[in-house]
Structure formats: C-alpha cells, structure tokens
Amino acid sequence: MKFARVIGTLVATRKYTGLEGVKFLVIQPLDKHRQPDGEPIIAADATRQAGPGELVFVVASREAALALNPPFVPVDQAIVGIVDDVDDAPPTDDTDTATWLRRDSGD
Amino acid sequence: MLLAKVVGTVVAAQKSDRLDGLKLLIIEPIDPQGKPLGGYRVAADAVGAGIGEVVLFASGSSARQTAATENRPTDTAIMAIVDIIEVAGSTTYHKGDEAPEAGLAADSAQDAFEGGAR
C-alpha cells in the first residue's frame with residue numbers, strides 16, 4: 001500500500017458491470033517523503049468518503065478489487081483508507097529495512 | 001487504472017484460441033490533462049468503447065476480471081468510458097467538448113496505418 005493525495009474526480013457513466021456506484025478519483029502517488037512520485041493515476045474509492053485534497057492510502061494490483069463489493073471487478077487501484085494523522089517523520093534516504101534488521105539482531 | 005485515448009482497432013485472424021471473440025483496441029495512455037504518456041497498448045474492450053473516446057483501463061491480473069477476458073491471456077482491459085475529469089477544481093476533460101483535433105488525430109493515426117498496409 002502507498003500514500004497518495006486525491007487531486008481530482010472522474011465521472012464515467014459507462015462502466016463494467018459491478019462498478020455501478022463506485023466512485024473514481026484522480027490521485028497523485030507519493031513517495032516515502034510524501035512528495036509527488038510519478039504521474040497521477042485513477043483509483044476506485046473503497047472508503048466511499050475520500051475527497052480532493054485528502055491524504056489516502058491505496059492498494060494496487062488485483063488485490064485492489066477485493067476492497068470493493070462485489071470484489072471480482074476489473075480494478076487495479078483502490079483507496080482503502082483516509083489518513084487522519086501520520087505519527088512519525090518521513091524516513092530518510094539512509095534508513096532501509098536491512099539496517100533495521102541488523103540492529104534488531106543485536107550486532 | 002490509467003486514462004487512455006482509443007486510437008485504433010486490431011484485427012488478427014491468427015491468434016490464440018483463447019482470444020476468440022475478443023475486441024482488441026489500440027490505446028494511447030494519457031495523463032488527466034490529456035497529454036500522452038508515451039507508448040501504446042493493445043487492450044481488450046469490456047465496455048464497447050470506440051475510436052476517439054477517453055477510457056479507463058486496468059492492467060495486470062485485474063484485467064482478467066471481466067466476462068470478456070476471464071481466463072484469457074490478456075493484461076489490459078478497458079473497463080470504463082470517461083465522461084468528465086476534474087483536477088484541482090477545474091474540468092480538464094468533458095466528453096463531447098474535446099477539441100476537433102482530438103478526433104482528427106485519431107483519424108490521421110488510422111490513415112497512417114491504412115497507408116502503410118497498401
């Protein structure tokens with residue numbers, strides 16, 4: 001799952017069966033510093049409550065469809081949470097999982 | 001999902017048996033402002049899209065979650081036809097309002113392919 005910022009909305013009346021009533025939003029994916037990362041994409045809103053300007057987290061790939069009802073629909077990006085608060089500083093470039101694991105093993 | 005403009009159709013008489021009856025379209029991925037992202041894709045059509053329309057497509061195994069593409073060797077499926085895109089409070093796309101060159105670009109792309117086949 002990744003952070004993204006909702007930047008817009010999309011209206012489509014002709015949708016694949018099962019996607020009626022699903023809201024689509026234009027989102028800007030964010031990197032670990034919560035800065036824009038790549039091109040904006042379109043995601044289905046599984047929370048049904050996200051809106052422009054909000055920080056959300058998004059699940060990609062086939063698992064995205066599992067957040068919707070019915071679940072087996074052709075969706076590859078879904079907003080699964082609206083972020084209220086992030087409780088730590090964004091990681092710096094020199095923290096990675098490997099360093100963290102080494103510290104844990106007691107070296 | 002990504003946005004794309006439908007720019008052409010593909011006809012293939014010789015293909016995998018599992019692709020029989022599938023409508024294939026050439027799509028050009030675009031950003032929400034309509035700027036091409038570069039490159040083209042061949043997509044299976046699950047909603048009845050036509051040339052010049054702006055559509056939404058799903059990639060990867062999600063593309064197989066339609067009746068038209070289930071259990072078929074496809075990785076890109078058109079699953080919605082876009083009517084309106086709004087970014088940062090302003091409408092960037094409204095179906096029917098697109099500039100005339102949008103339709104012409106699709107036509108000229110098709111002409112170029114037809115010219116090559118002659």
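Bear in mind the structure is a predicted one, so any value in this text is a computation, not a measurement.

Asks: Whenever I open this one, the overall build of chain B confuses me. Can you help?
Replies: Looking only at helices and strands, chain B features one helix and seven strands. Helices and strands in chain B line up, N terminus first, as β-β-β-β-β-β-β-α. Burial statistics for chain B: of 118 residues in total, 35% are counted as buried. Long-range contacts, defined here as pairs at least 24 residues apart, represent 53% of the contacts in chain B between residues at least 6 apart.

Asks: Sorry, what's going on with the overall build of chain A here?
Replies: From N to C terminus, chain A includes one helix and six strands. When the helices and strands of chain A are listed from N to C terminus, the series reads β-β-β-β-β-β-α. Residues counted as buried form 35% of the 107 residues belonging to chain A.

Asks: How should I be thinking about the interface of chain B and chain A in this particular structure?
Replies: When the parts come together, some accessible area is lost, and that loss is often what is quoted as the size of the interface. The partner chain A presents 26 residues to the 28 residues of chain B that form the contact. Looking at the side of chain B that touches chain A, the elements that each hand over two or more residues are β1 (2-10), β4 (54-59), β5 (76-81) and β6 (84-87) of chain B. Classifying every residue of the side of chain B that touches chain A by side-chain character gives 19 nonpolar, six polar and three charged.

Asks: Whenever I open this one, the environment of V87 of chain B confuses me. Can you help?
Replies: Mapped onto the elements, V87 of chain B comes out in strand β6. Take V87 of chain B: there are 19 C-beta atoms within 10 Å of it, and that puts it in the partly exposed class. Distance from V87 of chain B to P32 of chain B, taken between C-alpha atoms, is 7.4 Å for residues 55 residues apart in sequence. In contact with V87 of chain B, not counting residues within four places along its chain, are I7, G8 and V26 of chain A together with P32 and T92 of chain B.

Asks: What's the story with unusual backbone geometry in this structure? I'm lost.
Replies: Note on backbone geometry: most residues besides glycine have negative phi, and most peptide bonds are trans. The omega torsion across N69 of chain A and P70 of chain A is 0°, close enough to zero to call that bond cis. A positive phi angle, close to 60°, is found at N71 of chain B, a residue other than glycine. Tracing the sequence through the fold places N71 of chain B in the loop between β4 and β5.

Asks: How should I be thinking about the nonpolar core in this particular structure?
Replies: Generally speaking, a soluble globular protein has its nonpolar side chains buried in company with each other. Among the nonpolar cores identified, the biggest contains 58 residues, and A78 of chain A together with V55, F57, M79 and V82 of chain B are the most heavily contacted of them. Excluding its chain neighbours within four sequence positions, the residues that come into contact with V82 of chain B are L10 and A12 of chain A together with L3, V54, V55, L56, Y93 and K95 of chain B.

Asks: Hey, could you run me through the environment of T47 of chain A in this one?
Replies: Residue and element names in this part refer to chain A. Structurally, T47 is set in the loop between β4 (41-45) and β5 (55-60). On the neighbour-count criterion, T47 (15 C-beta atoms within 10 Å) is partly exposed. In this structure, the C-alpha to C-alpha distance between T47 and V80, residues 33 residues apart in sequence, is 5.7 Å. Excluding residues that lie within four positions of it along the chain, T47 makes contacts with I79, V80, G81 and I82.

Asks: Could you clarify how one ought to interpret the pairing of strand β3 (residues 41-45) of chain B in this entry?
Replies: On a regular strand, each side chain points to the face opposite its neighbour's, so the side chains alternate between the two faces of the sheet. Residue and element names in this part refer to chain B. In the sheet, strand β2 (residues 24-30) pairs with β3 via four bridges, with the strands oriented antiparallel. When the bridges of β3 are listed, I26 appears paired with V42. In terms of strand pairing, β3 meets β5 through two bridges, oriented parallel. Along β5, the bridge assignment pairs D45 with I78.

Asks: What is the right way to read the confidence of the model for chain A from this model?
Replies: For any part of a model where pLDDT is low, the fine detail of the predicted coordinates should not be relied upon. Put simply, chain A has an average pLDDT of 87, and 82% of its residues get 70 or more. Within chain A, β4 of chain A carries the highest mean pLDDT (97), whereas helix α1 (residues 97-104) of chain A carries the lowest (52).

Asks: Any chance you could explain the pairing of strand β6 (residues 77-82) of chain A here in plain terms?
Replies: Here β4 of chain A pairs with β6 of chain A via two bridges, running parallel. Following the sheet pairing, D45 of chain A is matched in β6 of chain A by I79 of chain A.

Asks: When you look at the confidence of the model for chain B in this model, what are you seeing that I'm missing?
Replies: Residue and element names in this part refer to chain B. Per-residue pLDDT for chain B averages 86, and the proportion of residues at 70 or more is 82%. Per-element averaging of pLDDT across chain B places helix α1 (residues 100-117) at the bottom with 48 and β2 at the top with 97. For this predicted complex, the interface confidence score (ipTM) comes to 0.78, while the overall pTM stands at 0.80.

Calculation rules
- Residues numbered from 1 in each chain as written.
- Chains lettered and ligands numbered in written order.
- Predicted model: local features only at pLDDT ≥ 70, side-chain atom pairs only at ≥ 80, totals over all residues.
- Helix = DSSP H or I, 4+ residues; strand = E, 2+ residues; numbered from the N terminus.
- Buried ≥ 20, exposed ≤ 12 C-beta atoms within 10 Å, placed from the backbone.
- Contact = placed C-beta atoms within 7 Å.
- Nonpolar A, V, L, I, M, F, W, Y, C, P; charged D, E, K, R; others polar.
- Core = buried A, V, L, I, M, F, W, Y, C linked by C-beta atoms within 7 Å.
- Pairing = 2+ DSSP bridges.
- pLDDT = per-residue confidence, 0-100.

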